[in-house]
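Chain and residue survey
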Amino acid sequence: MTVAAVEELARAFDTDFARPIEVRAAAVEDLLAIGIAGDLYALARRELAGLFSDKAVTALPGAAPGLLGISGFRGALVPVYDLQVLLGGAAGSAPPRWLATAAAAPVALAFDRFDALLRVPREAIAARPAGAAGHASRVVRVGGEIRPVLDVPSILGAIRALVRRQP
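Structural notes, computed from the coordinates. Just so it is clear, the structure is predicted and the values come from calculations on it, not from any experiment. All chains use their own residue numbering, which begins from 1 and follows the written sequence. Only residues with pLDDT of 70 or above have their local features reported here, since the model is predicted, and side-chain atom pairs are shown and tallied only from 80 upward, although totals for entire chains, interfaces and linings are computed over all residues. The side-chain quantities take in all heavy atoms of the structure and omit both hydrogens and water.

1. Some thoughts on the sheet that holds strand β3 (residues 48-53)
- Strands are treated as partners if at least two bridges between them are detected by DSSP. Secondary structure is summarised from DSSP: a helix means a run of H or I of at least four residues, a strand means a run of E of at least two, and numbering begins at the N terminus for each. With mixed pairing, 5 strands are arranged side by side in an open sheet as β3-β6-β7-β5-β4. One side of each edge strand has no neighbouring strand; the edge strands of this open sheet are β3 and β4 (67-73). Taking the axes of each pair of neighbouring strands and ignoring which way they run, one obtains an average angle of 30 degrees across the sheet.
- In terms of strand pairing, strand β6 (residues 98-102) meets strand β7 (residues 108-111) through 4 bridges, oriented antiparallel. Looking at the pairing, Thr 101 lines up with Ala 108 of β7.
- What makes two residues a contact is simply this: any of their non-hydrogen atoms within 4.5 Å. Axes here mean lines fitted to C-alpha atoms, for a helix over just the part in contact, with angles spanning 0 to 180 degrees between N-to-C directions. Contacting β3, β5 (76-82), β6 and β7, helix α3 (residues 152-165) crosses the sheet at an angle of about 105 degrees to β7.

Okay, structure coming up:
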């Protein structure tokens, strides 16, 4: 290697370090795109501990509204709640196929359909319009679809309230 080539490499190295560090293009959030009774929703991946399909759920006698039963997850029995019922709908005729375990509490949330794992820029997520009902304070626009992002801590609060009201 010639002296000129070495000097050129040194200049390129120094120039590279003189530039400001580039900020990541866009912060992203991972969401699970799901379906409940034909409606589109999303769940924030950071609020979940796991995603499972076709797990056996054992029904419990005299269960609280929305409680489908219990299921085993990594050696622990966990209550499984039907998201459709928790969102104010009637229980479906068939048990939901998909279960997502909450990160903040030993609870599983059941829903009909898992569509995709979405990695979206934070700019694609907006606050839900004031006065909107339900457990979603945000919405995400993906392609031509708008999905409410269900707030898992809010849902867990509703489950705690249901359990406290049981005799």
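2. Notes on the sheet that holds strand β9 (residues 125-127)
- If you trace the 6 strands from one edge of the open sheet to the other, you get β8-β1-β2-β11-β10-β9, paired in mixed fashion. Only two strands of the sheet have a single partner each, and these edge strands are β8 (113-121) and β9. Averaged over all neighbouring strand pairs, the angle between strand axes comes to 35 degrees, with direction disregarded.
- The pairing of β9 with strand β10 (residues 136-142) spans 3 bridges and is antiparallel. The partner of Ala 126 across the bridge, within β10, is Val 139.

3. A short note on the side chain of Asp 82
- Counting through the fold element by element, Asp 82 comes out in strand β5.
- No salt bridge is formed by the buried Asp 82; its nearest oppositely charged neighbour, Arg 113, is found at 13 Å.
- Apart from residues no more than four positions distant in its own chain, Asp 82 is found in contact with Gly 66, Leu 68, Ala 91, Gly 92, Pro 96 and Ala 110. Partly exposed describes any residue whose relative accessible area lies between the buried limit of under 20% and the exposed limit of over 50%, with all areas from a 1.4 Å probe on protein chains only and scaled to the type maximum. Counting rule applied: Lys, Arg positive; Asp, Glu negative; His and chain ends not counted. Definition used for salt bridges: Asp or Glu carboxyl oxygen within 4 Å of a side-chain nitrogen of Lys or Arg.

4. Brief notes about the pattern of salt bridges
- For the structure shown, the criterion picks out 9 salt bridges.
- In this structure, Asp 115 and Arg 147 form a salt bridge, with 3.1 Å as the shortest nitrogen-oxygen distance. A residue pair is termed long-range when its members are at least 10 positions apart, and Asp 115 in strand β8 and Arg 147 in strand β11 (residues 145-150) qualify at 32 residues.
- For the salt bridge of Arg 147 with Glu 145, the shortest nitrogen-to-oxygen distance reads 3.3 Å.
- For Arg 147, a relative accessible area of 4% translates into the label buried.
- Glu 145 sits in the partly exposed class, given a relative accessible area of 35%.
- By sharing partners, the salt bridges in this structure join Glu 29, Arg 46, Glu 47, Arg 122 and Arg 138 into a single network.

By themselves these figures say nothing about function.
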